Amino acid sequence: GHSLRGSHAVSDWLTINAVASWRSLDQDQWDQSAGIFDGFVPGGESGRLSYANVVQHQFNGEISASGQSGDVRYLLGLFDFRETGRDRAVVANTVIFDQSGQSYARIPGIDLKTAAPNRSSEVDTRSRALFGRLAWTPSFAARRITFDAG
C-alpha cells in the first residue's frame, strides 16, 4: 500500500492536515496438493486441482482543520473510506480412472480461470464521517481541568 500525508500551518491558530492511503491486491493461488490420493472408484475422477483469485482495492482519505485560540483547542474533519473486492475459487478433478483401476487419463479442457466458481463473493463498501472535538482548559482553574466535547 501507499500513503501520503500533508500539513500546512495557515496561521498561528489554524493548521490543515490531510492523509490519503490506498492499496491494491490481485493474487492467484493454484493447489494440487491432493494429487491422486482420492479412493479408487471404477470410472471415477480424482486429482483435485483448485484455483483461487482475490482482488481488492482500498482507499481512504481524511482532511482536518485544527488549532487553538486562547483556552480553546479544536479539531474538525472529514473522513472517506472505499473498498471493493472479490474472491473466487474453482475446484475440478483432473484425471479419470478406467474401469479396472489399472490406469487413468487426463480430463481434457479444464480451464479453471473461466469455469463457474465453487465459491464467490464480492464487496463494495463506502464509509464517510464528519468528526470534531472541542476542548476548553480554562486559565482560571490553573489549567488543571479540561472540558471536552466531540
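Preceding block: the structure.
Heads up: these notes are all about the structure in this document. (Residues numbered from 1 in each chain as written. Predicted model: local features only at pLDDT ≥ 70, side-chain atom pairs only at ≥ 80, totals over all residues. Heavy atoms only, no water.)

1. Details of the pairing of strand 2 (residues 14–31)
In the case of a regular strand, side chains alternate between the two sheet surfaces. Where we set the bar: In this scheme, strands are said to pair when DSSP sees at least two bridges between them. In DSSP terms, a helix is any run of H or I states spanning at least four residues, a strand is any run of E spanning at least two, and both are numbered starting from the N terminus.
Pairing of strand 1 (residues 2–11) with strand 2 involves nine bridges; the strand directions are antiparallel. Within the sheet, the bridge partner assigned to Gly6 lies in strand 2 and is Ala18. Here strand 1 folds back onto strand 2, and the loop between the two strands holds two residues. Both strand 2 and strand 3 (residues 45–69) contribute to a ladder of 17 bridges, which runs antiparallel. Note that in strand 3 the partner of Asp28 across the bridge is Asn53.

2. Some words on the pairing of strand 6 (residues 119–136)
Here strand 4 (residues 72–97) pairs with strand 6 via 18 bridges, running antiparallel. Residue pairing in the sheet places Arg82 in a bridge with Arg126 of strand 6. With three bridges connecting them, strand 6 and strand 7 (residues 147–149) associate as antiparallel partners. Among the inter-strand pairings, Trp136 is bridged to a residue of strand 7, identified as Phe147.

3. With respect to the pattern of salt bridges
Keep this limit in mind: Only one rule defines a salt bridge in this text: a Lys or Arg side-chain nitrogen within 4 Å of an Asp or Glu carboxyl oxygen.
By the definition in use, this model includes seven salt bridges. Among the ionic pairs, Lys113 bridges to Asp28, the shortest N-O distance being 4.0 Å. Here Lys113 is found in the loop between strand 5 (104–106) and strand 6, whereas its partner Asp28 is found in strand 2, with 85 residues between them in sequence. A salt bridge links Arg126 to Asp80; its shortest N-O distance comes to 3.0 Å.

4. Describing the nonpolar core
This is how the line gets drawn: Definition used in this section: a nonpolar core is a set of buried Ala, Val, Leu, Ile, Met, Phe, Trp, Tyr and Cys residues joined via side-chain atoms within 4.5 Å. For every residue, the accessible area obtained with a 1.4 Å probe (protein chains only) is divided by the maximum for its type, and the residue is called buried under 20%, exposed over 50%, and partly exposed between those limits.
Counting residues in each nonpolar core, the largest one holds five residues, listed as Leu49, Tyr51, Val90, Ala92 and Leu112. Of all the secondary structure elements, the ones that give two or more residues to this core are strand 3 and strand 4.

5. Quick word on a nonpolar patch on the surface
To keep it simple, the criterion reads: Patches were defined on residues exceeding 30% relative accessible area and lacking a salt bridge, with like-charge contacts within 9 Å and nonpolar side-chain contacts (Val, Leu, Ile, Met, Phe, Trp, Tyr) within 5 Å. Per-residue and other accessible areas were derived by the Shrake-Rupley procedure at a 1.4 Å probe size, with only the shown protein chains allowed to occlude residues.
Side chains of Ile63, Leu76, Leu78 and Leu130 sit close together on the surface and give an oily, nonpolar patch of about 410 Å² of accessible area. Relative to the assigned elements, Leu130 resides in strand 6.

6. Concerning the packing of aromatic side chains
Formally: Pairs were defined over the aromatic rings of Phe, Tyr and Trp, the Trp ring being its six-membered one, requiring ring centres within 6.5 Å. Orientation was assigned from the angle between planes: stacked under 30 degrees, edge-to-face over 60, tilted for the rest.
Applying the stated criterion across every chain, the model contains four aromatic pairs. Considering the side-chain rings of Trp136 and Phe147, the 5.5 Å spacing of their centres and the 25° angle between planes classify their relative orientation as stacked. In this pair, Trp136 is assigned in strand 6 and Phe147 in strand 7, connecting sequence segments 11 residues apart. With relative accessibility at 36%, the residue Trp136 sits in the partly exposed group. According to the relative accessible area criterion, Phe147 is partly exposed, its value standing at 43%. In textbook terms, an aromatic cluster arises when at least three aromatic residues are bridged by ring pairs, as seen for Trp136, Phe140 and Phe147.

7. Some words on the environment of Ser69
Following the sequence through the fold, Ser69 ends up in strand 3. Sequence spacing of Ser69 and Ala116 is 47 residues, and the spatial spacing of their C-alpha atoms is 62 Å.

8. Examining the side chain of Ser50
For clarity, the cut-off: Note on definitions: a residue-residue contact is assigned when non-hydrogen atoms from the two residues lie within 4.5 Å.
Along the chain, Ser50 falls in strand 3. We classify Ser50 as buried; its relative accessible area is 10%. In this structure Ser50 touches Gln29, Trp30, Asp31, Val90, Val91 and Leu112, once residues within four positions along its chain are discounted.

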